[in-house]
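# Summary of the model geometry
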2 protein chains.
Amino acid sequence: MSVRFPNALMTLIRELGRLPGIGPKSAQRLAFHLFNRPEEEVRALAEALVNAKTGLTRCPVCFNVMSRGEEACAVCSDPRRERALVCVVEQPADLLAIERSGEYQGLYHVLHGALSPMNGIGPDKLTIDPLMERLADVREVVLATSTTVEGEATAMYLAKQLQERGVTVSRIAYGLPVGGDLEYADEVTLGRAISNRRPM
Amino acid sequence: MSVRFPNALMTLIRELGRLPGIGPKSAQRLAFHLFNRPEEEVRALAEALVNAKTGLTRCPVCFNVMSRGEEACAVCSDPRRERALVCVVEQPADLLAIERSGEYQGLYHVLHGALSPMNGIGPDKLTIDPLMERLADVREVVLATSTTVEGEATAMYLAKQLQERGVTVSRIAYGLPVGGDLEYADEVTLGRAISNRRPM
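Residues numbered from 1 in each chain as written. Chains lettered and ligands numbered in written order. Predicted model: local features only at pLDDT ≥ 70, side-chain atom pairs only at ≥ 80, totals over all residues. Heavy atoms only, no water.

Let us now look at the relation of the copies chain A and chain B. Superposition record for chain A on chain B: RMSD 0.1 Å, screw rotation 180 degrees, translation along axis 0.0 Å. Here the two chains are linked by the operation of a two-fold rotation axis. Using C-alpha coordinates, one finds that chain A approaches the rotation axis most closely at Ala46(A), a distance of 2.1 Å. (Least-squares fit on C-alpha atoms with pLDDT ≥ 70 in both.)

Attention now goes to the pairing of strand β3 (residues 82-89) of chain A. All names here are of chain A. Summarising the sheet, β3 and strand β4 (residues 106-110) pair through 5 bridges and their orientation is parallel. Bridged to Val88 within β4 is His109. With helix α4 (residues 92-101) bridging β3 and its parallel neighbour β4, the resulting β-α-β unit is right-handed. Sheet topology note: the β3/strand β5 (residues 140-143) ladder contains 4 bridges and is parallel. Paired with Val88 across the strands is Leu143, a residue of β5. (Pairing = 2+ DSSP bridges. Helix = DSSP H or I, 4+ residues; strand = E, 2+ residues; numbered from the N terminus. Right-handed = clockwise from strand over helix to strand, strands pointing away.)

Time to look at the interface of chain A and chain B. Where interface size is given, it is often the accessible area lost as the parts come together that is meant. The partner chain B presents 58 residues to the 58 residues of chain A that form the contact. At the boundary of chain A with chain B, total buried surface from both sides reaches about 5200 Å², with 75% on carbon and sulfur atoms. Taken as a group, Phe35(A), Leu49(A) and Lys53(A) account for 14% of the area that chain A buries against chain B, more than any other trio of residues on that side. Taken together, the links from chain A to chain B amount to 2 salt bridges. When the shortest N-O distance is used, the salt bridge between Glu41(A) and Arg18(B) registers 3.9 Å. Taken together, the connections running from chain A to chain B amount to 6 residue pairs in polar contact (both at pLDDT 80 or more). Elements that contribute at least two residues to the side of chain A that touches chain B include exactly α1 (7-17), α2 (24-35), α3 (39-55), β1 (56-58), β2 (65-67) and α4 of chain A. (Contact = heavy atoms within 4.5 Å. Buried area = accessible area lost by both parts, 1.4 Å probe. Salt bridge = Lys/Arg side-chain N within 4 Å of Asp/Glu carboxyl O. Polar contact = N/O pair within 3.5 Å; in protein donor to acceptor, adjacent residues only side chain to side chain.)

It is worth spelling out the domain arrangement of chain A at this point. According to the domain assignment, chain A contains domain 1 (7-54) and domain 2 (81-200). Between the C-alpha centres of domain 1 of chain A and domain 2 of chain A the distance comes to 35 Å. (Domains from an automatic or database assignment.)

What follows deals with the packing of helix α1 (residues 7-17) of chain B against helix α2 (residues 24-35) of chain B. Residues and elements named next belong to chain B. It is at 8 Å that the axes of α1 and α2 come closest, and there the two elements cross at 125 degrees. Judged on the interaxial angle alone, α2 and α1 are oblique. As for the relative orientation of α1 and α2, their crossing is right-handed in sense. Contacts between α1 and α2 involve Leu9, Leu12, Ile13, Leu16 and Gly17 from the former and Pro24, Ala27, Gln28, Leu30, Ala31, Phe32 and Leu34 from the latter. Across the contact of α1 with α2, the residue classes break down as 10 nonpolar, 2 polar and no charged. (Axes fitted to C-alpha atoms, helices over the stretch in contact; angles between N-to-C directions. Parallel < 35°, antiparallel > 145°, perpendicular 65-115°, else oblique. Left-handed = near helix turned anticlockwise from the far one by under 90°. Nonpolar A, V, L, I, M, F, W, Y, C, P; charged D, E, K, R; others polar.)

Okay, the sheet that holds strand β5 (residues 140-143) of chain B next. Residues and elements named next belong to chain B. Spatial strand order, β4-β3-β5-β6: 4 strands in an open sheet with parallel pairing. Two strands bound the open sheet, and with one partner strand each, they are β4 (106-110) and β6 (168-171). Looking at each pair of strands side by side, their axes are set apart by 25 degrees on average, direction ignored. Pairing of β5 with β6 involves 4 bridges; the strand directions are parallel. When the bridges of β6 are listed, Val141 appears paired with Val169. Here helix α4 (residues 92-101) sits on the sheet in contact with β3 (82-89) and β4, set at roughly 160 degrees to β4. Each of β3, β5 and β6 is contacted by helix α6 (residues 149-164), which is oriented at about 165 degrees to β6, the strand it contacts most.

A few words now on the sheet that holds strand β6 (residues 168-171) of chain A. Residue and element names in this part refer to chain A. Spatially, 4 strands are ordered β4-β3-β5-β6 in an open sheet, and the strand pairing comes out parallel. In the strand order of this sheet, the two ends are held by β4 and β6, each with one partner. Between one strand and the next, the sheet's axes are offset by a mean angle of 25 degrees, whatever the strand orientation. Strands in contact with α4 are β3 and β4; relative to β4, the strand with the most contacts, it is inclined by about 160 degrees. Contacts from helix α6 (residues 149-164) reach β3, β5 and β6, with the element oriented near 165 degrees to β6.

Turning our attention to α6(A). Here α6(A) is 16 residues long and its end C-alpha atoms lie 23 Å apart, about the 22 Å a rise of 1.5 Å per residue gives. On its buried side, α6(A) packs onto β3, α5 (128-133), β5 and β6 of chain A. (Expected span 1.5 Å × (residues − 1).)

Moving on: helix α3 (residues 39-55) of chain B. In this model α3(B) runs 23 Å from its N-terminal to its C-terminal C-alpha over 17 residues, within 8% of the 24 Å that 1.5 Å per residue would give. Of the surrounding elements, those touching the buried residues of α3(B) are α1, α2 and α3 of chain A together with α2 and β1 (56-58) of chain B.

Moving on, we get to unusual backbone geometry. Residues and elements named next belong to chain A. Even without being a glycine, His112 presents a positive backbone phi close to 60 degrees. Relative to the helices and strands, His112 resides in the loop between β4 and α5. A relative accessible area of 12% places His112 in the buried class. (Buried < 20%, exposed > 50% of the residue type's maximum accessible area, 1.4 Å probe, protein only.)

Next comes the structure, spelled out in structure tokens:
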């Protein structure tokens, strides 16, 4: 086949295809969509990409995302937060999800991933060392990693390390999602919901 | 809730969320992915976006995508193509899919969409007028719009317009996909495959 797309288009399709969850077909569809959009809109996306990369950094305390030049992230610099309580999450998005619940008033620690030996992600690839270094005034660590295999393994690993250092460790509760129909719950979740039942 | 992400991150999430098929959750996930990638990689994507937008344009003959500054696209400028045969497709990606089949030696015409009155896409929003203006040396037009409701409506509309101008019009064949198991074919496709059966 001799006919192919111009280089500028092939390059864009290749770069879009590097994004997670975007396969070759989606990358092609996105590239054509952008080709058909006004130039201002494409430039706005390109600028947003560069600005996000150059204007953001990780909080030196909890590794949450923050604007470059600030001393600490919005949570760490809030004097009303309970500083003896630290909630460990995998990603900044998880932090925001917990904030939305309105149920948590402590600080956070963002691991930026979960342990996954299969993918070469060991403890040294996560922000576990800095977590161990900020335990001086910490009373309790809440492990809010995902309930996936990796998230569970990470929680187990951290629980052991933290307990050795004399810190109280808790794990977020398993159970039925609120508003969920019992018959649609998977059996593992349902089993956990029953064994973790609470007196009324 | 007082905690939110820095503006540079919110802007990136908003711009990514404008892309088709990318909802708020995916946009957030992509933004964090990019935040964690090396700056060169993010800049490469931003540059690819701007280069594709500024370096590409539509072929003045068939409206396929081509590098800006060229006189016609790779197909239109190829002297070996059969110029009396024009295949109408919705998108440049469809053109490439047909090229990959190796079964077609004519020219193309890219509509950049399909008729969809519900979404305000009438004949004036597509490249139908320029198609009618390039019929002088054209013997046959192959309608290769999608087999969706919009694609079928577009094919019907074009067939009528083209036949009034005395051009032979054909539609790509419906039938079973090659390598497809009969029991997995939907009944409409199977019905078409039977009524369009060919002597062996």
